Amino acid sequence: MSDASSVIDDLGRESEELDRLVAGLEESRWALPTPAAGWTLAHQIAHLAWTDRAALLAVTDTEGFGAEVEKALASPDTWVDEAAGEGAALPPARLLSEWREGRAALDRALRTAPSGTRFPWYGPPMSAASMATGRLMETWAHGQDVADTLGVVRTPTGRLRHVVRIGVRARDFAFGVRGLSAPAQEFRVELVAPSGNDVWTYGPHDAAQRVTGPALDFCLLVTQRAHRADLAVRAEGPDADRWLDIAQAFAGPPGAGREPKRAGR
């Protein structure tokens, strides 16, 4: 699995960083409300544990995963919240243990999956590398909610490149899920890496429309963890500007996003 091993390693590191934020919390703090409306810290970890289990089923038990898809189709507007709520009701120590066990099992399954295999998911089928990338994106995004709740400022790392890649690749999906036609031409995307010493680029260098800014801000935008007005991501061109209003790196219906923090917006 040489093509997937590096992102699986990064997924493990991202999960461990979040684990360190919650591992020593007093039980009462798991009930703290997070920026996601109606979700506590426990809901955030429960959601990750649940999606790790779903990913494990997709990799190891296609029939079992199909049953999960049927549940989603039966209650498309509530199934994510319901699953998170079930996990959040567990004692924090048990929830933490189940999250750790589930992500370890998924790590093993992804590493031993036959090269070239594609697994079912709630959207298009995914390779092991794509599955790991998606899990990393979710772990980082929900970890941001946890960090914001606890007042922790995380140091951005090169692992954000995985989140950026999903956000860029999901451009047309963001338009389509809102019933909009995707732009015919690619954009140029130029983002300053967390190190400050590199620029991550996507799309033709001579594209008529472009998006620029810090990679961290782009990741906060496409995971809808911050409002565009509070970020230093800029667009040139009407379609690129529209994209920044609706961008999302996650599957499913459009998210509600976050309210701007700046006064007067």
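Our structure's up above, just so we're on the same page.
It should be emphasised that the depicted structure is a prediction, and the values quoted were computed from it without experimental measurement.

## Focus on the nonpolar core
The nonpolar side chains of a soluble globular protein tend to be buried, and buried together.
Step number 1: Counting 54 residues, the largest nonpolar core has L110, W121, M131, V164, V211, F218 and W243 as its most contacted members.
Step number 2: Ranked by the residues each element gives to this core, the list is headed by helix 6 (residues 128-150), at eight residues.

## A look at the packing of helix 6 against helix 7 (residues 160-169)
Step number 1: Packing of helix 6 against helix 7 brings their axes to within 9 Å, and their N-to-C directions diverge by 105°. Judged by the inter-axis angle, helix 6 sits roughly perpendicular to helix 7. Mapping the contact onto sequence places T133, G134, L136, M137 and W140 in helix 6 and L160, H162, V163 and I166 in helix 7.
Step number 2: Broken down by class, the residue content of the contact of helix 6 with helix 7 amounts to six nonpolar, three polar and no charged.

## Quick look at the pattern of salt bridges
Step number 1: Scanning the entire structure with this criterion turns up 19 salt bridges.
Step number 2: Among the ionic pairs, R13 bridges to D10, the shortest N-O distance being 2.7 Å. On the criterion of helical spacing, the pair formed by R13 and D10 is a turn pair, its members being three residues apart in helix 1 (residues 2-22).
Step number 3: For D10, a relative accessible area of 15% translates into the label buried.
Step number 4: Notably, a salt bridge pairs E190 with R210, separated by 3.1 Å at the nearest N-O pair. Separated by 20 residues along the polypeptide, E190 in strand 3 (residues 188-192) and R210 in strand 5 (residues 210-214) bring together distant segments of the chain.
Step number 5: Taken together, the shared-partner salt bridges in this structure form one network comprising E14, E17, R154 and R159.

## Side note on the packing of aromatic side chains
Step number 1: The full count for this structure, using the stated rule, is seven aromatic pairs.
Step number 2: Aromatic pair W121 and Y122: ring centres 4.9 Å apart, planes at 65°, arrangement edge-to-face.
Step number 3: Judged by centre distance (5.7 Å) and plane angle (50°), the rings of F187 and W243 are tilted. Placement of the pair is F187 in the loop between helix 8 (171-176) and strand 3 and W243 in helix 10 (residues 238-246), with a sequence separation of 56 residues.
Step number 4: Looking at W243, the relative accessible area reads 1%, which means it is buried.
Step number 5: A connected cluster of aromatic rings, assembled from ring pairs, spans W50, F65, W79, W121 and Y122.
Step number 6: The aromatic ring of W99 is capped on one face by R103, whose charged end is 4.3 Å from the ring centroid.

## Examining the side chain of Q248
Step number 1: As for its position among the elements, Q248 is in the segment after helix 10.
Step number 2: On the accessibility criterion, Q248 (1% relative accessible area) is buried.
Step number 3: Polar side-chain contacts of Q248 include one of 3.2 Å to the side chain of R178.
Step number 4: A distance of 2.9 Å separates the side chain of Q248 from the backbone oxygen of F250, its partner in a polar contact.
Step number 5: Other than its neighbours up to four places away in sequence, Q248 contacts A170, F173, A174, V177, R178, V222, Q224, P253, P254 and G255.

## Focus on the pairing of strand 5
Step number 1: Where strand 3 and strand 5 come together, five bridges link them in parallel fashion. Bridging across to strand 5, R188 finds its partner in R210.

## A closer look at the layout of surface pockets
Step number 1: Put simply, the second largest pocket is a space of about 370 Å³.
Step number 2: Lining the second largest pocket are 23 residues; nearest its centre among them are Q144, D148, L216, L220 and R225.
Step number 3: Looking at the lining of the second largest pocket, the elements with two or more residues in it are helix 1, helix 6 and helix 9 (215-222).
Step number 4: Considering each element in turn, the lining of the second largest pocket owes the most residues, three residues, to helix 6.
Step number 5: Per-class residue counts for the lining of the second largest pocket are nine nonpolar, four polar and ten charged.

Parameters at a glance
Residues numbered from 1 in each chain as written. Predicted model: local features only at pLDDT ≥ 70, side-chain atom pairs only at ≥ 80, totals over all residues. Heavy atoms only, no water. Core = buried A, V, L, I, M, F, W, Y, C linked by side-chain atoms within 4.5 Å. Buried < 20%, exposed > 50% of the residue type's maximum accessible area, 1.4 Å probe, protein only. Helix = DSSP H or I, 4+ residues; strand = E, 2+ residues; numbered from the N terminus. Axes fitted to C-alpha atoms, helices over the stretch in contact; angles between N-to-C directions. Parallel < 35°, antiparallel > 145°, perpendicular 65-115°, else oblique. Contact = heavy atoms within 4.5 Å. Nonpolar A, V, L, I, M, F, W, Y, C, P; charged D, E, K, R; others polar. Salt bridge = Lys/Arg side-chain N within 4 Å of Asp/Glu carboxyl O. Phe/Tyr/Trp six-rings, centres within 6.5 Å; stacked < 30°, edge-to-face > 60°. Lys NZ or Arg CZ within 6 Å of the ring centre and 35° of its normal. Polar contact = N/O pair within 3.5 Å; in protein donor to acceptor, adjacent residues only side chain to side chain. Pairing = 2+ DSSP bridges. 1 Å grid on protein atoms, 1.4 Å probe; cavity = no way out; pocket = protein on both sides within 12 Å on 5 of 7 lines; lining within 4 Å. Points joined across faces, edges and corners; volume = space filled by probe spheres on them.

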